[in-house]
Amino acid sequence: MKHIIGRKLGMTSIFAENGEFVPVTVIAAGPCQVVERKTKDAHGYDAVVLGFEDAKLKGLTKSLRGRFEKLSVAPKTVLHEFRGDHADVKGGDLVTVSSFAAGDRVDVTGTSKGKGFAGIIKRWNGSGGGASHGSMIHRQPASNGDTNAAKTVKGSRRPGHLGVERVTTLNLEVISTDEERNLLMLRGTIPGGKRSIVFVRPAVRAKRKAQVS
Amino acid sequence: MDLVQSVGAAQKKKKFAEFAAGDTIKVHSRVTEGNKERIQVFEGIVTERKLGGLSETFTVRRIAHGVGVERSFLIHSPRVEKVDVLRRGLVRRAKLYYLQERVGSKATRIKEKK
């Protein structure tokens, strides 16, 4: 299965085989253990639960402890369900970066960096007002719609909290993997700060990259 | 060394010609045209070396048909085949941006290091 849980380590650049200098994000991916396989008959849907990073038994709640005991796997700190029927793995199996190969396309889900209380320019890509000539409207939200509406339309673009939300970056190219050190190198950026947990899955909207000739 | 930096560490060239700003060098770089590959040579004065680990670069300046041309290369790039040092220059700064304002014979004049 081409799914894995990892931690974002940071970004750097490396040379591709053709000499191109490629910006890559380095992820410490896995090794993950298959905690449980959910099946349509027993649970109503197919999924695989992966666990990442060992946990201390002491810090777990009784219910979680019981769950790990019942499935007879070592306790994990991060648990994540990946939907789909993955017949190639069973409970207790280890999932490593070896299932990925250079050229594969993946999606990465993470939690974006917190930006605090942000204005409309940063939060909604507003254009802002004039800077000079007494405009008096610089970074404010401008019109918010109908003056006769007697209410604010739901979902209108206002300042507010930005970041710390679930973000998925689609269709990232796997540049290389390091099975010895469990590293996954992807072209481009992924959501979140360093050391943040990310989930990797095969690209749902993979398309062949237009060939440059 | 942290894990992120170690990713490209193996790609660093161990042996590379030693040169500094002010030197006149010949850069042999691999160019792909269509599906043919050939070596292109760029000759000029080194105006800067920008450190940065694997992304270290150097810039070479020459006057081509009366127009100043600057080209920067990634030192560790596999496309940069080799560098020949033709002449050591005597300069008093690390970045020779002042050459960009010079015209005529003074544009390329640099004392030789004895």
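Residues numbered from 1 in each chain as written. Chains lettered and ligands numbered in written order. Predicted model: local features only at pLDDT ≥ 70, side-chain atom pairs only at ≥ 80, totals over all residues. Heavy atoms only, no water.

### Regarding the sheet that holds strand β4 (residues 67-74) of chain B
All names here are of chain B. Heads up, the rule is: Any two strands with at least two DSSP-identified bridges between them are counted as paired. Numbering of helices and strands starts at the N terminus; helices are DSSP runs of H or I of at least 4 residues and strands are runs of E of at least 2. Axis definition: a line fit to C-alpha positions, over the contact stretch in the case of helices; interaxial angles, taken between N-to-C directions, run 0 to 180 degrees.
The 5 strands lie next to each other as β4-β3-β2-β1-β5, forming an open sheet whose pairing is antiparallel. Across the chains shown, the open sheet's two edge strands, defined by having one partner strand only, are β4 and β5 (80-87). Averaged over all neighbouring strand pairs, the angle between strand axes comes to 40 degrees, with direction disregarded. Two strands pair when backbone bridges link them, and strand β3 (residues 57-64) and β4 are joined in this way by 8 bridges, in the antiparallel orientation.

### Looking at the environment of A:Ile5
With respect to the secondary-structure elements, A:Ile5 resides in strand β1 (residues 4-15). As a C-alpha pair, A:Ile5 and A:Glu17 span 12 residues in sequence and 27 Å in three-dimensional space.

### Here we look at the pairing of strand β4 (residues 47-54) of chain A
Residues and elements named next belong to chain A. The cut-off we apply is this: Each residue's exposure class comes from its accessible area (1.4 Å probe, protein chains only) as a fraction of the maximum for that residue type: buried when under 20%, exposed when over 50%, partly exposed otherwise.
When you tally the buried positions in β4, you get 6 out of 8 residues, the bulk of the element. Relative to strand β5 (residues 76-83), β4 runs antiparallel, the two sharing 7 bridges. Residue Gly51 lies in a different strand from β5, and its bridge partner there is Leu79.

### Digging into the domain arrangement of chain A
Reports often express the size of an interface as the amount of accessible area lost when the parts come together. The condition that has to hold: Domain start and stop positions are those given by an automatic or database domain assignment.
Looking at the assigned domains, one finds that chain A contains domain 1 (4-114 + 166-202) and domain 2 (115-145 + 154-162). Here the C-alpha centroids of domain 1 of chain A and domain 2 of chain A sit 37 Å apart.

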